[in-house]
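Working through the structure, step by step
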Amino acid sequence: MTKSKKKIEEDMSQTFIAEVGQKSAIADDKFDDIEITKKEEKNSSEKIEDNRKIDYYEEGKKTSSPAVLIVIVAIISLIVGVSGGYYLFKVMDKEETTTEKTKTNAKTEKETKEELNPEGLYVEELVSRYDQKDSSSDVNIYELLYKEEKTTIKDIDEDYLKVLAANKASGVTGRFTDEEFKNATKLLYGDEIEFDDDKISYNKGCISLKYSDNVYSYVEGECGGASTMSLKRKIVKTKLDDDILTVNVAVAVIDSNEDKVYKNYSEDEKELEEVDNVVATTFDIDKDYTDLNQYKYTFNYDKDNNNYYLVSIELVK
C-alpha cells in the first residue's frame, strides 16, 4: 500500500470515529434531554396532583367549615338554652319562692305582732262595752265575766246581755227602736247571740225597759244599797293576729272597808286571794298590776260591719 493511500484510510478512520463520537454525543444529549423531559413531566404531574390535592383540601375546608361552624353554634346554643332553662326554672324559681316566702313570713309576722294602743280610747271602749254594774257596786262584773277560768259569750246571763245591747242602742236618749236594738246586738255579739223576746229587765228590776210600738224606753226601778267592794282594771296589752284581737286585762277587787286588795271576788271570804304587801288606800294598779290575775278577751272581726265582737274571756295562767 502506498503512503498516500494509507493516509487516506487514516483520515477516513478519523472521520468515522469523529462522526461516531458526534452521533454518540448527540444520542447521549438526546437521551439526557429525554430523561430531563421525563423528569420534568413527572415533576409537573406531581405538582398538578399536589395542586389538585391542595385544591381539594382547600375546597373541602371551604365546603366543611360552614357546616362545622353551624354544628358548633348549634351545640353552644343548646348548652346555653339548657343552662338558661335550668337557671330559669330552678334557680330563679327558687329565688322567687324564697323571696315570696320571706315576704309572706314577714307579712305574717307583722300581722301577728301588730298591736293597738292599750291606753287608746278604742280599746278602752271595746272592753267597757261588756260592763254593766249594779247600782250598788261594779263587783258583779267580776262574778259574770271573770269567775270562771273561761267564759264564752253564750255562758253569760241573757238579761245582762240584753242590758248591754240596750245601753249600746240607746246612747244618751234612753230611747231606741227595735231595729237599733238588733243592730246593737249584732255589734256586741256578732252572730253568736239572738234574743227570743223583747222583754228587758236586769238586777231585780233595778234596770227595766218598756217596749211599745217597736220602741224601747227606760223606766224607774227599785235598787239595792251601797257596797264597800269595787273593781279596778288595767289593760295590759293587745295583739292582732289576722282577724282575731286579744286584749289582756289585769283585775283587782278593792275592799275599802278592810283596806285590802284581792285577786278575785267571792262571797265566801275563805276563797278570797289577797294581794301581799299592798293596801287599798295606796294601791296603784299601774305599778302593781303584775301581782294581779290577768284575763284575756278574745274578739272576732266582723268584716261586713267593720267591727270586733266578744267571743270569750279566759284566765291567763
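These figures come from a predicted structure and were not determined experimentally.

Definitions and cut-offs
- Residues numbered from 1 in each chain as written.
- Predicted model: local features only at pLDDT ≥ 70, side-chain atom pairs only at ≥ 80, totals over all residues.
- Heavy atoms only, no water.
- Helix = DSSP H or I, 4+ residues; strand = E, 2+ residues; numbered from the N terminus.
- Buried < 20%, exposed > 50% of the residue type's maximum accessible area, 1.4 Å probe, protein only.
- Contact = heavy atoms within 4.5 Å.
- Areas by Shrake-Rupley, 256 points an atom, 1.4 Å probe, with all protein chains shown as cover.
- Core = buried A, V, L, I, M, F, W, Y, C linked by side-chain atoms within 4.5 Å.
- pLDDT = per-residue confidence, 0-100.
- Axes fitted to C-alpha atoms, helices over the stretch in contact; angles between N-to-C directions.
- Parallel < 35°, antiparallel > 145°, perpendicular 65-115°, else oblique.
- Left-handed = near helix turned anticlockwise from the far one by under 90°.
- Nonpolar A, V, L, I, M, F, W, Y, C, P; charged D, E, K, R; others polar.
- Patch = residues over 30% accessible without salt bridge, like charges linked within 9 Å, V, L, I, M, F, W, Y side chains within 5 Å.
- Salt bridge = Lys/Arg side-chain N within 4 Å of Asp/Glu carboxyl O.
- Lys, Arg positive; Asp, Glu negative; His and termini not counted.
- Charge placed at Lys NZ, Arg CZ, Asp CG, Glu CD.
- Expected span 1.5 Å × (residues − 1).
- Polar contact = N/O pair within 3.5 Å; in protein donor to acceptor, adjacent residues only side chain to side chain.
- Pairing = 2+ DSSP bridges.

**Remarks on the overall build of the protein chain**
Each helix and strand counted, the protein chain has six helices and ten strands in total. Split into buried and exposed, the 317 residues of the protein chain put 29% on the buried side. The long-range share in the protein chain, meaning contacts at least 24 apart out of those at least 6 apart in sequence, stands at 57%. For the protein chain, the computed accessible surface area is about 21800 Å², with 50% contributed by carbon and sulfur atoms.

**Re the nonpolar core**
Among the nonpolar cores identified, the biggest contains 49 residues, and Y146, Y189, V247, Y297 and F299 are the most heavily contacted of them. With seven residues, the top contributor of residues to this core is helix α4 (residues 158–170). Look past the residues within four positions of V247 in its chain and what remains in contact with it is V123, V127, I235, K237, T238, Y295, K296, Y297 and F299. Core analysis: the second largest hydrophobic core is formed by ten residues, A250, A252, I285 and L292 among them.

**Points about the confidence of the model for the protein chain**
For the protein chain, per-residue confidence averages 78 on the pLDDT scale, and 65% of positions sit at 70 or higher. When pLDDT is averaged over each helix and strand of the protein chain, the minimum, 53, is found for helix α1 (residues 3–113) and the maximum, 98, for strand β1 (residues 150–152). In the model, residues 2–6 has pLDDT below 50 throughout and makes one contact with residues more than four positions away in sequence or in other chains.

**Examining the packing of α4 against helix α5 (residues 178–189)**
Closest axis-to-axis distance for the α4/α5 pair is 8 Å, and the angle between their directions is 115°. Relative to α5, the element α4 is oriented roughly perpendicular. In this structure, α4 meets α5 at a crossing whose hand is right-handed. For the pair α4 and α5, the contacting residues are L161, K162, L164, A165, A166, K168 and A169 in the first and E180, F181, A184, T185, L187, L188 and Y189 in the second. A per-class count over the contact of α4 with α5 returns ten nonpolar, one polar and three charged.

**Digging into a negative patch on the surface**
The grouping of E258, D268, E269 and E271 at the surface amounts to a negative patch. Structurally, the position occupied by D268 is in the loop between β8 (260–262) and α6 (285–288).

**Re α4**
Between its first and last C-alpha atoms α4 spans 18 Å; for 13 residues at 1.5 Å apiece the expected length is 18 Å, and the two agree. Of all the residues in α4, the buried ones are Y160, L161, K162, V163, L164, A165, A166, A169 and S170. Regarding α4, its N-cap is D157, as a side-chain oxygen of that residue lies 3.2 Å from the backbone nitrogen of D159 further along. Within two residues after α4, G171 carries a phi angle of roughly 65°, on the positive side.

**Focus: the side chain of N248**
In this structure, N248 sits in strand β7 (residues 244–255). When its relative accessible area of 8% is taken as the criterion, N248 is described as buried. Beyond its immediate chain neighbours, meaning those up to four positions away, N248 contacts K234, I235, V236, K237, Q294, Y295, K296 and V316.

**Focus: the pairing of strand β6 (residues 229–241)**
Direction of pairing for β6 relative to β7: antiparallel, over a ladder of twelve bridges. When the sheet's bridge partners are listed, L231 is paired in β7 with V253.

**Remarks on unusual backbone geometry**
Positive phi, close to 55°, is recorded for D213, a residue that is not glycine. Within the secondary structure layout, D213 lies in the loop between β4 (207–212) and β5 (215–219). At N306, a position not held by glycine, the phi torsion is positive, near 50°. Looking at N306, the relative accessible area reads 58%, which means it is exposed.

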